[in-house]
Amino acid sequence: MTALVLFGLAIGFAPDADMVPALIDSDWAFLQAVSEHRASLLHTPPFALVAAVATLLLRTRERWLWGTVAGAAVLVHLALDSITIGPGVMWLYPYSEAFYGLNLANTRYGRDWGDQWLVRYLTHPLFLSEMALLAVAAFFARRSHQGPLRRSNHKAV
Ligand SMILES: [Zn+2]
């Protein structure tokens, strides 16, 4: 189960691998790269399908579960990118290259963050709520990994 959770986390972050070529293309201008990196195929629903199918090809015992996790992890990443910050995601790719998103961070909290961009991003309620979700998931993953028998053994010690 821990391996599946770690796999889901890794695949969930995979779309942001397109930050590397965006940073190189923008001559390491971080803000420019952040706003432009979602124009790659990694931030599209077809990539979620590719991730799911590629995972199905692996010879794992529960490959349907792993494939579903892979596809869902990418789709959740795209959904969060659409809701939180930036231009959105090309949800209708390859039929359209239009970006769809709410951009809550900028529309609700202002867009002129300048040099304070990173600090404000890391202390923003949207980012903090993502970290809280991650902490809750880690708590439940650890709890399910321990199992009821192990938990009762801890109490006895
Ligand atoms: Zn992203």
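Anything mentioned here points back to the structure above.
Worth saying up front: this structure is predicted, and the values here are computed from it rather than measured.

1. Re the overall build of the protein chain
Within the protein chain one finds eight helices and zero strands. Along the protein chain, helices and strands appear, N-terminal first, in the series α-α-α-α-α-α-α-α. Buried positions account for 18% of the 157 residues belonging to the protein chain. Long-range pairs, those at least 24 residues apart, make up 45% of the contacts in the protein chain between residues at least 6 apart in sequence.

2. So, the nonpolar core
Counting residues in each nonpolar core, the largest one holds 14 residues, and the members touching the most others are Ile 11, Phe 47, Ala 48, Ala 51, Ala 70, Ala 73 and Val 74. For this core, the element with the highest residue contribution is helix 5 (residues 63-83), accounting for six residues. When sequence neighbours within four positions are dropped, the list of residues in contact with Phe 47 reads Pro 15, Leu 41, Leu 42 and Val 74.

3. Observations regarding the environment of Pro 15
Residue position: Pro 15 is located in the loop between helix 1 (2-13) and helix 2 (19-25). The exposure class of Pro 15 is buried, given the 24 C-beta atoms found within 10 Å. Spatially, the C-alpha atom of Pro 15 lies 8.3 Å from that of Leu 78, the residues being 63 residues apart in sequence. For Pro 15, the contacting residues outside a window of four places in its chain are Leu 42, His 43, Phe 47, Val 74, His 77 and Leu 78.

Analysis parameters
- Residues numbered from 1 in each chain as written.
- Predicted model: local features only at pLDDT ≥ 70, side-chain atom pairs only at ≥ 80, totals over all residues.
- Helix = DSSP H or I, 4+ residues; strand = E, 2+ residues; numbered from the N terminus.
- Buried ≥ 20, exposed ≤ 12 C-beta atoms within 10 Å, placed from the backbone.
- Contact = placed C-beta atoms within 7 Å.
- Core = buried A, V, L, I, M, F, W, Y, C linked by C-beta atoms within 7 Å.

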